[in-house]
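Here is what each chain is made of, one letter per residue.
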Amino acid sequence: MKTMNVKFAGLGGTGVIKASDVLAELVFELGYDVKKGEVHGMSQRGGSISSDVRFGDKVESPMIPEGEADYLVVFAEDQVPVNIAFLKKGGVLLTPKDIDVTRLPSEKALNVAMLGKLSTYFDFPEDKWQGALKKLFAEKFHEGNAVAFDVGKGK
Amino acid sequence: MPAFDPKAKRMLVSGNEALALSMLHCKVQSAIGYPGTPSSEILETFSEIGGPAEWAPNEKVAAEVALGVAFAHARSVVTMKHVGLNVSSDTLYTATYTGVQGGMVWIVADDPGQASSQNEQDTRNHAKSSVCPMFEPSNSQEAYDMLRLAFRTSERFHIPVILRMTTRVDHSKSILVPSEELEALKPEFVRDIPARVMVPGYAKPAGRRLRAKMEEIQKWNEAEGPNRIEMHGTDLGIVCAGISYHHVREAAPDASVLKLGMTYPLPMEMIRKFAGSVKRVFVIEENDPWLAENIRAAGISVESKFDPVYRFGELSVDRVRRILSGDRSPETPPVKGKAPALCPGCPHRSSFAVLKDLGCIISGDIGCYTLAALPPFEAMDMMVDMGAAIGMALGLRKVLPREQAKKVVSVIGDSTFVHSGITGLVDMAYNRPATGHVVVILDNSITAMTGQQEHPGTGRKLDHSPTYRLDYGEIAKAAGIENVVIVNPVKDPEGMKTAVKEALEKDELTLIVAKSPCLLALKSILAWEKANKEKAAKEAK
């Protein structure tokens, strides 16, 4: 399989890195080669951040080259212009506009809802998504996450 | 809790996590460092998975402790970011002379692209100048494997070894399959005064021994080092190391590649042979043209990046493509994102509001509070290195006209003060400016910028267990500072303002401790304190 590139982007403190961790964990469990790259440091201070997940038979660089992201998942509309150059021609852009945010159990669950939306583009088994979410979040979030994931899926 | 299962046979981990696990499996007996992005998670993870990890007041002390461990025939790791190596370089440059009895690895994390650093210096220069062997991993598996190899090298040749990481290798996750654990070393003291006491009479022969040792290590690197040639064709050959290797493999899949794992001392004959086997040979590297210059100095002709364009910032697949195609045109700057800022409710906001209001000339330091230099505050006039807030301000006070000198204030964080501010305070009293001086410690009770690490002023160790808490006021008094004021700038902004105003008016020396905890860390701090109290109560029973 050719390398699949998913770029998550948004502002620090909104779960961008957590979302990329969930996808990376999922594809790792499914047996793909995977690399995940991001820059930490200033991320807690509300600045722009992004995180790249790349998976396939063999992944080299942990950074997605410009114009090669198959999916660009942006958690804040104003961060679209900052990251759009990474989306390939014909690639899929997902933003909070693509989900019904009014149905989210909390604002914090937006990242999980965006993963729910992203999941509709892949054939990965639902229980694997749920497994990765459960592994990466504390138990108290599991119930809300399940709701948010479904909201993202449009259920 | 660690973010991965340390017992798993196959795992997806960051380079820093891979190092922590490797340290555990190498039976490292002491690991110590000072936090600094991108290196901070190494020791935190090592502690979480059960390893003996400590934060030192600064990198120099950390390196000295680690050296002592290695003198005692045990295995030690010292971690730091690239600028931390400057602080501990005094130790490094003579530790290569003394050598070690056990194993010592100096993990240094460079930050090409300056995601979170005040400069873009290249640790490879330090390796060469200090004559210290150096490995450069490209991913998590190599970080794990090369730490082990670094210990083997250190123990075989009795020399400290640098493991050079970069931001992308530290923080990127890739797949790791761990290996068997090593046997622990048995600590014992072996007296060897001529090898360990670097008075000139012993240091001169030690310098010669070091050079001879490096010749041995170079021979070993040529024959058995972690370097490999991937032949794909003879049109183009690329020499690279570290993260650049993966960018190269993706950007030029048809090129032959010499991937270097040990970059000092370089396996120059291997490079010469590789260069001779291809029509065109290119060096691809991040930061300084370090490989290219050293290879050329050995009489091997290579092409390399056009430095006016590509010396700065990280490499990427895109940039490697541009470099290989000979593109020297300026790059399109990326769209600017939102800059980081002091958090809403951050206690530093209250302090800077006061300092700005009083029209202070602010000599600043390194930490979250450096963000006060940016709009909307623009309330920091200089920031250079850890602890410089005090020294630079003393310099200003010495020469500025009185009305300006009277406005100079040093602003330094709690962790930064402990790291390198104390000696500045000593100078402040020793070489006292005629107008006096005012130092404000912005004490948010944590090393906030790097992700909330403990330090000697918090009264808790790396694993948050209780220990002696350093008293800034007592230190100041002992140094000869006559006024010490402790004030909460959030709860008592008027008190903060009065304290600064009165201190500026006097021709005296004043330390103001502006004490209010980091809002992001508050919940954790309360939980750690509660756990420690409960444990103490239980033990008292």
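Note that the coordinates shown come from a computational prediction; the quantities given were computed from them, not determined experimentally. (Residues numbered from 1 in each chain as written. Chains lettered and ligands numbered in written order. Predicted model: local features only at pLDDT ≥ 70, side-chain atom pairs only at ≥ 80, totals over all residues.)

Novice: Before we move on, can you summarise the sheet that holds strand β9 (residues 228-230) of chain B with the specific residues and values?
Specialist: Residues and elements named next belong to chain B. Sheet architecture is open: 5 strands sit in the order β9-β11-β10-β13-β14, paired in mixed fashion. Unpaired on one side and paired on the other, β9 and β14 (303-304) mark the two borders of the sheet. In terms of strand pairing, strand β10 (residues 236-241) meets strand β13 (residues 280-283) through 4 bridges, oriented parallel. Along β13, the bridge assignment pairs I238 with F282. Along the sheet, helix α10 (residues 244-251) makes contact with β10 and β11 (256-260), crossing β10 at roughly 155°. Contacting β10, β13 and β14, helix α12 (residues 290-297) runs over the sheet at an angle of about 130° to β13. (Pairing = 2+ DSSP bridges. Helix = DSSP H or I, 4+ residues; strand = E, 2+ residues; numbered from the N terminus. Contact = placed C-beta atoms within 7 Å. Axes fitted to C-alpha atoms, helices over the stretch in contact; angles between N-to-C directions.)

Novice: An account of the interface of chain A and chain B is requested, with residue identities and associated values reported.
Specialist: At the interface, 30 residues of chain A touch 28 residues of chain B. Elements that contribute at least two residues to the side of chain A that touches chain B include exactly α1 (16-29), β2 (33-38) and α2 (80-83) of chain A. Considering each element in turn, the side of chain A that touches chain B owes the most residues, 6 residues, to β2(A). Taken together, the residues of the side of chain A that touches chain B sort by class into 12 nonpolar, 10 polar and 8 charged. (Nonpolar A, V, L, I, M, F, W, Y, C, P; charged D, E, K, R; others polar.)

Novice: A description of the sheet that holds strand β2 (residues 30-33) of chain B should follow, citing residues and the corresponding values.
Specialist: All names here are of chain B. Pairing is mixed in the open sheet, where 7 strands are placed in the order β3-β2-β4-β5-β7-β6-β12. Both edges of this open sheet fall to β3 (53-55) and β12 (262-264), since each of them pairs with a single strand only. Of the strand pairs in this sheet, strand β5 (residues 103-110) and strand β7 (residues 161-166) are connected by 6 bridges, and their pairing is parallel. Following the sheet pairing, W106 is matched in β7 by I162. Along the sheet, helix α6 (residues 140-157) makes contact with β4 (75-81), β5, β6 (134-135) and β7, crossing β5 at roughly 140°.

Novice: Pulling in residues and values, what's your account of unusual backbone geometry?
Specialist: Residue and element names in this part refer to chain B. The omega torsion of the bond from T37 to P38 falls at 10°, within 30 degrees of zero and hence cis. Structurally, P38 can be placed in the loop between β2 and α2 (41-48). Going from P375 to P376, the amide bond is cis rather than trans, its omega being 10°. Position of P376 among the secondary structure elements: in the loop between β15 (361-363) and α16 (388-399). In this model, Q114 sits at a positive phi of 50°, which is unusual for a non-glycine residue. Tracing the chain through its elements places Q114 in the loop between β5 and α5 (123-130). When the 14 C-beta atoms within 10 Å are taken as the criterion, Q114 is described as partly exposed. (Buried ≥ 20, exposed ≤ 12 C-beta atoms within 10 Å, placed from the backbone.)

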